[in-house]
Amino acid sequence: MLPTPYTQTETNRMTLAFFCLGALSLLGELENNVSEQNKKDWIDWIYAQQVLPAKDSDDNKTVCGFRGSSWSGRTFEPYATACEYIPYDSSHIANTYTALLNLLILGDDLSRVNKHAILETLRHLQQEDGSIAPTVGSLERDVRFIYCASSISYILNDWSGLDLEKTLEHIVQLQSYEYGMAQCPKQEAHGGSTFCGTAALSLMGKLDEGIVNRDELVKWCLFRQLGGFQGRPNKLQDVCYGFWIGASLSILNSFDLVNHDSLKEFLIKSESKIGGFAKDPDSFPDLIHSYMGVATLSLLNEPNIQPMHSALNVPLSAYHHLKENTVFWRQ
């Protein structure tokens, strides 16, 4: 069972797991806190959340990938080859992304991932304007899901599930008069959206083509630093933007322009006496800000914190494992 304050996020248990496993890995503490049997149990649980193609399903029933948890009451065998299609039981693109990251962190070779089913689902999720929905039938459309789709395609080493030309055109439209990136066209630039757009372009190998004005984008990011970083002008600084904007600058080879001492000072003030990081010094700690705090320390090259791959948002050890030991990159 999840702790009481987290029960409302049960449908995203997969992503909560990533914040835990990712932070432990960056701290160099994964091996000390997760036994080999624990890893096996984690891996089997993750695969049990994989929604596989239904027998004789039509195109409207393409829901493959990973769900966030077994919240629907359905339990699937992790080694199953197919499952009966039922309404409302579908994958979600964000949890598919974090499921793949969790498997990489845990040292899995991804051999049980149904690559072709996931790629087919991506084709159904992409819209005519290049935007991407998080799951079949959803009306949500924003750059977070473009980032997840790009990361999934990168991990699977196959971009055939996306129309890259449409994706690129859509990301270009997200850049506002401020040169930061918004969630959707003609909206306000935002730190989280800027990371998602910048990282997606980096994973696609399209940074030079997709960024309207690189120098102005770097300037917009740097102007968000108050000590820590704010997500947009006239907002308070928040620990998570140390990563969202810091990683954007890292991808743009400009993180050295950040005031490291001021950023570290804000992080220290936001660290809780009971452990973990809060969003600011006046708040309680939580999982996402604890992970983001550690990830920001990684960007700062803090001693005893493991390095990370900024665009994929994963410890560098997991990135190397992806390239060297998984079925989709050994082929």
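Note that residues are indexed from 1 along each chain, following the sequence as it is written. Residue-level local features of this predicted model are given only where pLDDT is at least 70; pairs of side-chain atoms are given and counted only at 80 or more, and the full residue set underlies all totals for whole chains, interfaces and linings. Heavy atoms throughout the structure, all of them, feed into the side-chain values; hydrogens and water do not.

- Labelled according to an unreviewed UniProt entry, the protein appears under the name Geranylgeranyl transferase type-1 subunit beta, originating from Rhizopus oryzae.
- The UniProt entry for the protein carries the following text under Sequence similarities (unreviewed entry): "Belongs to the protein prenyltransferase subunit beta family."
- UniProt positions are given in the numbering used here, feature names are shortened, and annotations may be inferred rather than shown by experiment. According to the UniProt record, the Subunit (unreviewed entry) comment for the protein reads "Heterodimer of FNTA and PGGT1B. PGGT1B mediates interaction with substrate peptides."

1. Some points on the overall build of the protein
Then comes step 1: A helix here means a DSSP run of H or I that spans at least four residues, while a strand means a run of E at least two residues long, and both kinds are numbered starting from the N terminus. On a plain count of helices and strands, the protein comes out with 15 helices and 4 strands.
Then comes step 2: The C-alpha atoms of the protein give 19 Å as radius of gyration, which agrees with the globular expectation for 331 residues (20 Å, within 12%).
Then comes step 3: With respect to the three principal axes, the spread of C-alpha positions in the protein is 55 × 45 × 40 Å.
Then comes step 4: Looking at the protein residue by residue over its 331 residues, the buried ones come to 54%.
Then comes step 5: Here, residues are in contact when the closest pair of their heavy atoms is within 4.5 Å. Pairs at least 24 residues apart make up 67% of the contacts formed inside the protein by residues separated by at least 6 positions.
Then comes step 6: Charged residues are defined here as Lys and Arg on the positive side and Asp and Glu on the negative side; His and the ends of the chain fall outside this count. The location of each charge is read from NZ of Lys, CZ of Arg, CG of Asp or CD of Glu. Of the side-chain charges in the protein, 26 are positive and 39 negative, and the distance between the mean point of each set is 2 Å. It is over C-alpha atoms that the radius of gyration is taken, and the globule rule equals 2.2 Å times the number of residues to the power 0.38. Each residue gets one of three labels from its accessible area relative to the maximum for its type: buried under 20%, exposed over 50%, partly exposed in between, using a 1.4 Å probe on protein chains only.

2. Looking at helix α14 (residues 316-325)
Then comes step 1: Of the residues making up α14, those classed as buried are A318, Y319, H321 and L322. With its buried residues spanning 160° around the axis, α14 presents them on a single face. Facing away from the buried side of α14 by more than 90 degrees, the exposed set consists of S317 and E324. By arc we mean the arc of the directions from the helix axis to the C-beta atoms, nothing more.

3. Remarks on helix α12 (residues 260-270)
Structurally, the α-helix is built with 3.6 residues per turn, so residues lying three or four positions apart point the same way.
Then comes step 1: Looking at α12, one finds that the buried residues are L263, F266, L267 and S270. In a view along the axis of α12, the buried residues occupy a sector of 100°, so they form one face of it. Across from the buried face of α12, at angles greater than 90 degrees, the exposed residues are D261, I268 and K269.
Then comes step 2: Its side-chain oxygen at 3.3 Å from the backbone nitrogen of D261, N259 defines the N-terminal cap of α12. N or O atoms closer than or at 3.5 Å make up a polar contact, with two conditions inside protein: a donor-capable atom paired with an acceptor-capable one, and, for residues adjacent in sequence, both atoms drawn from side chains.

4. Some details on the UniProt feature "signal peptide" (unreviewed entry) in the protein
Then comes step 1: UniProt annotation of "signal peptide" (unreviewed entry) refers to residues 1-30 when read in the numbering used here.
Then comes step 2: Span residues 1-30 is 50% helix and 0% strand, its end C-alpha atoms 21 Å apart.

5. Comments concerning the side chain of S131
Then comes step 1: Along the chain, the position of S131 falls in the loop between α5 (115-125) and α6 (143-156).
Then comes step 2: On the basis of relative accessibility, which here comes to 3%, the residue S131 falls in the buried class.
Then comes step 3: Once you skip the residues sitting within four places of it in the chain, S131 turns out to touch L125, Q126, R141, I146 and H170.

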